[in-house]
Amino acid sequence: MGNTNSHEINKNSSKKSLEPQKPNSEHLTPAQKLAQSETKGMTRSASGADIQESRYGHFVPIEKLAKYLAKKTDEQFGVSNGIVGDVFARYVFPNQPELGQRLFTFLHHSSKAKTKHLGVLAFRQQVERFISLLDDSVILENYVRMFGEIDKPEMIRPDHLRALLTTCYRLSMSHYAGGTSSDLLFVGTINAVINSIYLPGKDALSSGYISKYLEQHCPRLIIPPLHKFCVHMMTTAYHSIESNTQISAEGVNLDISTPVLNKGNPFSGESSANSKPSLLPVSEAWILSGTLPKLYTRPHAIPKSASTGNAASSSGSNLASVSFMSKLLSTVPSHWTLLYDSQVDGLGANRFLHHVLGYKGPTLTLLKGDNNLLVCVASPCEWRECYMYQGGDDCCIIQLLPKYVFIEHGPKLLYLNTSTRGYPKGLRAGKDPRKPIVSIDEGFEKFDFKGIANTLYSIEVWGCGDQKARETQTEIKKWQVKEAEKQRTVKMSAADWLDNPDRYLLELGGRPQYNNTSK
């Protein structure tokens, strides 16, 4: 008996060893985990529906959207119980048709449908899965794949990434009157990102590599604005289809992170004082806002009047949608104020100190060097003259041009000293005091970046604080001017004048008397 039991045990163990081993879920990427969960215990119809899925839910906005889109598809293309990409892009994304087509293609490919259209049930399933994702890394990689070769994720070419970044920029600028047509410098901004990712000789990269790079160097450039926009449009588009009105994305407050520059014309790329090109056009502000910590964008709550007015003009179901979006989009950007422009105020250490010191708020210092080099030094607190390194955890050093690279981030990166003897003088930034990444000499003439000497052509300092920080700095400057005027007028008695050195100098010059009135 004992031998029989041992034989059966060995037989069962040999069967287990012959069975194919399933990969451990702990070693899978988030995208692979999602794909594994989608394909487990289900079969698909020809139109892409998971007909044996047990965890399917009923989301009313998506259910109504699928119903209306299927009706439009049947009227225009004669396809019953299905949805085509043209109808989806036309009625859900009327202002972004290319984005709508790419999103529908991604949903169609995810459902593995064999027909050109997507069944109503499959459409509802894929949209609900798409809007229920919570992992930012999975969402970002989905958008990268959406704008690339979906069947071949390793074939993400530069033009695919350029299309993704251009779509995000146009979406962020859609609330402005001029849109993207007034800022022709955004092409160079996007090319800087592409040149930093694709090295010479690399024509294509994997979607995972590109998503990891974007997550590291500009984490809030794509996920918040683009994903929230897509989710909002898919959950509210049925209102416009039901009422037979065209939905407008410009009326939606989706300006999450792009600051409105406090200049006469933020899209001209020119300074308001001397009509010279500014170092911070709106495209650079857009990409910086997707990289910098939220401290620099100074978000504040949406005005209650706007949300109240929109809610009052909507129906009962629309009221719930407006309330949902008000909670989802709970921040809008503040204004960035130009504190110092060397092209207008003069290039020098004393001019920098005069315009920057006293501003009690975060600042961005832009430095322009040779070969179109543009570097940004972000300070979360006010600048102070000190012989020690300073700055909080949100200090950043970013190269904007000719390549976009997030270099360093952490506390005590900043150094500014123009008066203390025995210590290096000038402006520095970097974790290693012996080899700072940014180094400007005492006279603000030489600019070293990563140990390479450059000519310092211009400096701009932008204040990222609220209006109160700017008003406080203005009051300090007014007080300093008043104190300087008081020092110019010296009240002196006759006894003090007898021992004053100026009296002896005047007598040596041949003027012993000081009263010019004639007797």
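Residues numbered from 1 in each chain as written. Predicted model: local features only at pLDDT ≥ 70, side-chain atom pairs only at ≥ 80, totals over all residues. Heavy atoms only, no water.

**Student:** Sorry, what's going on with the overall build of the protein here?
**Tutor:** Regarding its fold elements, the protein presents 19 helices and 15 strands. Split into buried and exposed, the 519 residues of the protein put 46% on the buried side. Relative to all contacts within the protein whose residues are 6 or more apart in sequence, the contacts with residues 24 or more apart total 65%. As displayed, the protein has an accessible area near 27300 Å², and 53% of this comes from carbon and sulfur atoms. (Helix = DSSP H or I, 4+ residues; strand = E, 2+ residues; numbered from the N terminus. Buried < 20%, exposed > 50% of the residue type's maximum accessible area, 1.4 Å probe, protein only. Contact = heavy atoms within 4.5 Å. Areas by Shrake-Rupley, 256 points an atom, 1.4 Å probe, with all protein chains shown as cover.)

**Student:** Explain the side chain of His160 to me, please; I cannot follow it from the model alone.
**Tutor:** Tracing the backbone shows His160 in helix H8 (residues 158-172). Apart from residues no more than four positions distant in its own chain, His160 is found in contact with Phe147, Gly148, Glu149 and Met155.

**Student:** Even after reading the chapter, I still don't get helix H11 (residues 223-243), so can you show me in this structure?
**Tutor:** Given 3.6 residues to a turn, an α-helix orients residues that are three or four positions apart in the same direction. Its 21 residues give H11 an end-to-end C-alpha distance of 30 Å, which sits within 8% of 30 Å, the value for a rise of 1.5 Å per residue. H11 sits mainly inside the fold: 18 of its 21 residues count as buried. Just beyond H11, the residue with positive phi is Asn244, at close to 60°. (Expected span 1.5 Å × (residues − 1).)

**Student:** Help me understand the state of the cysteines, please; the structure alone is not making it clear to me.
**Tutor:** Two cysteines whose sulfur atoms are joined by a covalent bond form what is called a disulfide. Tallying each qualifying case throughout the model produces zero disulfides. The thiol of Cys376 is not disulfide-bonded; the next cysteine sulfur, from Cys464, is found 8.1 Å away. For Cys395, which is in no disulfide, the shortest distance to another cysteine sulfur is to Cys381 and amounts to 6.0 Å. Exposure remark for Cys395: the relative accessible area of 0% places this residue in the buried category. (Disulfide = S-S within 2.5 Å.)

**Student:** Would you explain the packing of helix H3 (residues 60-77) against H11 in this entry?
**Tutor:** Where H3 contacts H11, the two axes come as close as 8 Å, and the packing angle between them is 50°. It follows that H3 is oblique to H11 by the angle criterion. Between H3 and H11 lies a crossing of left-handed hand. Across the interface between the two elements, Pro61, Ile62, Lys64, Leu65, Tyr68, Leu69 and Lys72 from H3 touch Met234, Thr235, Ala237, Tyr238, Ile241 and Glu242 from H11. A per-class count over the contact of H3 with H11 returns nine nonpolar, one polar and three charged. (Axes fitted to C-alpha atoms, helices over the stretch in contact; angles between N-to-C directions. Parallel < 35°, antiparallel > 145°, perpendicular 65-115°, else oblique. Left-handed = near helix turned anticlockwise from the far one by under 90°. Nonpolar A, V, L, I, M, F, W, Y, C, P; charged D, E, K, R; others polar.)

**Student:** Mind showing me how you'd approach the packing of aromatic side chains here?
**Tutor:** Under the counting rule described, the total for this entry stands at 14 aromatic pairs. Plain terms: the ring middles of Phe88 and Phe104 are 5.8 Å apart, the flat faces sit at 40° to each other, and that makes the pair tilted. Here Phe88 is found in helix H4 (residues 85-92), whereas its partner Phe104 is found in helix H5 (residues 97-111), with 16 residues between them in sequence. On the basis of relative accessibility, which here comes to 5%, the residue Phe104 falls in the buried class. With a centroid separation of 5.0 Å and 65° between ring planes, the pair formed by Tyr169 and Trp286 is classed as edge-to-face. Remark: Trp286 occurs in helix H12 (residues 282-289) and Tyr169 occurs in helix H8; sequence separation between them is 117 residues. For the pair Tyr169 and Trp286, a shared accessibility class is recorded, and that class is buried. Members of the aromatic cluster, joined through ring pairs, are Phe88, Phe93, Phe104, Phe123 and Phe229. (Phe/Tyr/Trp six-rings, centres within 6.5 Å; stacked < 30°, edge-to-face > 60°.)

**Student:** It is not clear to me how the pattern of salt bridges should be interpreted in this structure. Could you clarify?
**Tutor:** Side chains bearing opposite charge may pair, as long as their charged atoms lie close to each other. For the structure on display, the rule yields six salt bridges. Across the salt bridge formed by Arg157 and Asp159, the nearest N and O atoms sit 3.7 Å from each other. Between Asp432 and Arg434 there is a salt bridge, with the nearest N and O atoms lying 3.5 Å from each other. The partly exposed category is assigned to Asp432, whose relative accessible area is 29%. When its relative accessible area of 75% is taken as the criterion, Arg434 is described as exposed. (Salt bridge = Lys/Arg side-chain N within 4 Å of Asp/Glu carboxyl O.)

**Student:** I would appreciate a short explanation of the sheet that holds strand S7 (residues 386-390) in the present structure.
**Tutor:** The strands making up a sheet are joined through hydrogen bonds of the backbone, oriented either antiparallel or parallel. Ordered by their spatial adjacency, six strands build an open sheet running S7-S10-S11-S12-S13-S14, and the pairing between neighbours is antiparallel. Sheet topology places S7 and strand S14 (452-455) at the edges, where each strand pairs with a single neighbour. With direction set aside, neighbouring strand axes in the sheet form an average angle of 15°. Sheet analysis places S7 next to strand S10 (residues 414-417), joined by two bridges and oriented antiparallel. Considered in S10, the bridge of Gln390 is made with Leu414. (Pairing = 2+ DSSP bridges.)

**Student:** Looking at this structure, I do not really get a nonpolar patch on the surface. What am I missing?
**Tutor:** Taken together, the side chains of Tyr387, Met388 and Tyr423 make up a nonpolar region of the molecular surface, amounting to roughly 320 Å² of accessible area. Within the secondary structure layout, Met388 lies in strand S7. Under the relative-accessibility criterion, Met388 is labelled partly exposed at 47%. (Patch = residues over 30% accessible without salt bridge, like charges linked within 9 Å, V, L, I, M, F, W, Y side chains within 5 Å.)

**Student:** Would you mind going over unusual backbone geometry with me for this structure?
**Tutor:** A negative phi angle characterises most non-glycine residues, just as the trans form characterises most peptide bonds. Geometrically, the link from Leu401 to Pro402 is a cis peptide bond, its omega value of -5° lying close to zero. For Pro402, the position within the fold is in the loop between strand S8 (396-401) and strand S9 (405-409). The backbone of Lys112 shows a phi angle near 60°, a positive value even though the residue is not glycine. Relative to the helices and strands, Lys112 resides in the loop between H5 and strand S2 (118-119). A residue is classified by how much of its surface remains accessible, and Lys112, at 52% relative accessible area, is exposed. Unlike most non-glycine residues, Asn371 shows phi in positive territory, near 55°. Positionally, Asn371 belongs in the loop between strand S5 (363-368) and strand S6 (374-379).

**Student:** Would you mind showing me how to read the confidence of the model for the protein here?
**Tutor:** Segments scoring low in pLDDT should not have their predicted coordinates read at a detailed level. Across the protein, the average pLDDT comes to 76, with 66% of residues at or above 70. Scored below 50 in pLDDT, residues 262-274 makes 33 contacts in the model with residues more than four places away or belonging to other chains. Note that pLDDT drops below 50 for residues 300-333; the model gives that stretch 43 contacts with residues more than four away or on any other chain. (pLDDT = per-residue confidence, 0-100.)

**Student:** Whenever I open this one, the side chain of Ser458 confuses me. Can you help?
**Tutor:** Secondary-structure assignment places Ser458 in strand S15 (residues 458-463). Overall, Ser458 belongs to the buried group, its relative accessible area being 2%. Excluding residues within four positions of it along the chain, Ser458 makes contact with Leu279, Ser342, Gln343, Leu366, Leu367 and Lys368.

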